[in-house]
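# Results of the structural survey
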Amino acid sequence: MSPLESHYPLDDFIEFPAEEMSARAKKNYQQLKRRHSIRKFSDRSVAKDIIENCIRAAGTAPSGANHQPWHFVAIHSGQVKGQIRQAAEELERTFYQGRAGQEWLDALKPLGTDADKPYLEKAPWLIAVFSKKKGGLANDGEQANYYVHESVGIATGFLIQALHNAGLATLTHTPKPMSFLTGICGRDPDVDRPYMLIVTGYPDKDATIPEHALNKKALEDIATFIE
Ligand code: IYR
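Residues numbered from 1 in each chain as written. Predicted model: local features only at pLDDT ≥ 70, side-chain atom pairs only at ≥ 80, totals over all residues. Heavy atoms only, no water.

When helices and strands are tallied, the protein chain shows eight helices and four strands. Going residue by residue from the N terminus, the α and β elements of the protein chain occur as α-α-β-α-α-α-β-α-β-α-β-α. Taken over the C-alpha atoms alone, the protein chain extends approximately 60 × 45 × 40 Å along its principal axes. Looking at the 227 residues of the protein chain, the share that counts as buried comes to 36%. Looking at the protein chain alone, contacts between residues at least 24 apart form 80% of all its contacts between residues at least 6 apart. Working note: accessible area of the protein chain is about 14,700 Å², and carbon and sulfur atoms make up 52% of it. Taken together, the 27 basic and 29 acidic charged side chains of the protein chain have centroids lying 6 Å from each other. (Helix = DSSP H or I, 4+ residues; strand = E, 2+ residues; numbered from the N terminus. Buried < 20%, exposed > 50% of the residue type's maximum accessible area, 1.4 Å probe, protein only. Contact = heavy atoms within 4.5 Å. Areas by Shrake-Rupley, 256 points an atom, 1.4 Å probe, with all protein chains shown as cover. Lys, Arg positive; Asp, Glu negative; His and termini not counted. Charge placed at Lys NZ, Arg CZ, Asp CG, Glu CD.)

Before going further, it helps to spend a moment on the UniProt feature "domain: Nitroreductase" (unreviewed entry) in the protein chain. In this numbering, the UniProt entry assigns the feature "domain: Nitroreductase" (unreviewed entry) to residues 32-201. Taken end to end, residues 32-201 is 41% helix and 17% strand, and its two terminal C-alpha atoms sit 17 Å from one another. (UniProt positions renumbered as here; feature names shortened; annotations may be inferred.)

Let us look at the side chain of Asp192. Assignment of secondary structure puts Asp192 in strand 4 (residues 192-201). Take Asp192: its relative accessible area is 3%, and that puts it in the buried class. For Asp192, the contacting residues outside a window of four places in its chain are Phe130, Ser131, Lys132, Thr182 and Arg187.

Taken residue by residue, helix 2 (residues 48-58) has Ile51, Cys54, Ile55 and Ala58 as its buried positions. Down the axis of helix 2, the sector holding all buried residues measures 100°, keeping them to one side. Of the surrounding elements, those touching the buried residues of helix 2 are strand 1 (70-75), strand 2 (125-132), helix 6 (148-166) and strand 4. (Arc of directions from axis to C-beta.)

Taken as a whole, this structure holds six salt bridges when the rule is applied. Residue Arg85 pairs with Glu121 through a salt bridge whose shortest N-O separation is 2.9 Å. Separated by 36 residues along the polypeptide, Arg85 in helix 3 (residues 78-99) and Glu121 in helix 5 (residues 119-122) bring together distant segments of the chain. For Arg85, a relative accessible area of 24% corresponds to the partly exposed category. On the basis of relative accessible area, Glu121 is assigned to the partly exposed category, the value being 35%. The residue Lys109 makes a salt bridge to Asp106 at a minimum N-O spacing of 3.5 Å. Classification of Lys109 by relative accessible area gives exposed; the value is 58%. (Salt bridge = Lys/Arg side-chain N within 4 Å of Asp/Glu carboxyl O.)

The sheet built from four strands is open, its strands ordered 1-2-4-3 with antiparallel pairing. The strands lining the two open edges of the sheet, one partner per strand, are strand 1 and strand 3 (169-173). Adjacent strand axes in the sheet meet at a mean angle of 25° when their direction is disregarded. Where strand 2 lies against strand 4, eight bridges are found, and the strand directions are antiparallel. (Pairing = 2+ DSSP bridges. Axes fitted to C-alpha atoms, helices over the stretch in contact; angles between N-to-C directions.)

Another point: the site of the ligand. Every residue lining the ligand is accounted for by Glu92, Phe95, Tyr96, Trp104, Leu108, Leu111, Thr113, Asp114, Lys117, His173 and Thr174. Contact between the ligand and Lys117: an oxygen atom at 2.4 Å from a side-chain N or O atom of the residue. One of the backbone N or O atoms of Thr174 is found 3.3 Å from a nitrogen atom in the ligand. Coverage of the ligand by the protein amounts to 72% of the 380 Å² it exposes when considered alone. Counting only elements with at least two residues in the shell around the ligand, the list comes to helix 3 and helix 4 (102-108). Take the shell around the ligand: its biggest share by element is three residues, from helix 3. Partitioning the shell around the ligand into residue classes produces five nonpolar, three polar and three charged. (Near = heavy atom within 4 Å. Polar contact = N/O pair within 3.5 Å; in protein donor to acceptor, adjacent residues only side chain to side chain. Nonpolar A, V, L, I, M, F, W, Y, C, P; charged D, E, K, R; others polar.)

Let's shift gears to the environment of Leu197. By the secondary structure assignment, Leu197 is in strand 4. Linking Leu197 and Thr174, residues 23 residues apart in sequence, is a C-alpha distance of 6.1 Å. What Leu197 contacts, discounting residues up to four positions off in sequence, is Ile84, Leu120, Leu126, Ile127, Ala128, Leu171, Thr172, His173 and Leu181.

Further remarks concern the packing of aromatic side chains. Under the counting rule described, the total for this entry stands at three aromatic pairs. Consider the rings of Phe95 and Trp104, whose centres lie 4.8 Å apart with planes at 85°: the pair is edge-to-face. Through a chain of ring-to-ring contacts, the aromatic side chains of Phe95, Tyr96 and Trp104 assemble into a single cluster. The ring of Phe16 has Arg24 lying over it, and the distance from NZ or CZ to the ring centre is 3.8 Å. We note Arg44 situated over the ring of Tyr202; from NZ or CZ to the ring centre the distance is 3.6 Å. (Phe/Tyr/Trp six-rings, centres within 6.5 Å; stacked < 30°, edge-to-face > 60°. Lys NZ or Arg CZ within 6 Å of the ring centre and 35° of its normal.)

Spelled out as structure tokens, the structure:
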């Protein structure tokens with residue numbers, strides 16, 4: 001290693017006794033199992049500092065060369081949420097009216113989704129996640145970024161986990177195409193690409209979980225252990 005690269009001792013790693021580790025792993029699984037995508041949100045307000053800390057948590061995600069190729073636009077403005085809803089619903093109408101193709105529409109049937117997205121206006125916060133094609137650590141708009149999709153995917157996962165842990169419900173929403181978000185959110189189309197929209201807030205009293213969504217694959221079906 002070059003002597004120019006400074007390193008620090010790892011002084012914030014916490015080692016837990018083995019039994020506590022097992023309990024923590026189980027508890028975390030049980031807690032994450034209670035995360036459900038919902039499509040009916042309450043209009044109850046959520047304090048900005050909660051959203052800020054959840055975005056800070058997302059920003060701790062590992063990324064290619066630590067370039068952190070992401071930008072989060074947290075939208076509370078009713079006017080901007082309305083603009084997003086209008087644009088998303090317009091696109092979704094063409095999606096559900098045929099652009100999706102029959103196989104995709106059949107796959108979505110058990111979720112009961114359609115082109116109406118009232119939650120885009122009703123939920124207190126929309127977080128538009130952007131990936132940054134270039135810019136590096138300094139956001140100079142020039143340096144290459146690496147593993148952008150992977151990095152932003154991990155950060156978005158951290159964000160969803162942080163919001164859930166804070167006690168908020170979420171919905172990952174991906175209107176297709178999402179390019180309309182770039183202008184509405186005031187981002188630079190040469191650098192920023194819309195990645196996903198996270199809707200967050202309290203669930204409405206009549207929020208439901210589609211039975212289909214509870215059908216999570218068993219450990220044997222998602223993992224192989226080579227011992
Ligand atoms: N973006 C559309 C369709 C949609 C697509 C998938 I894949 C989903 O898991 C859910 C919905 C919509 O939001 O309705």
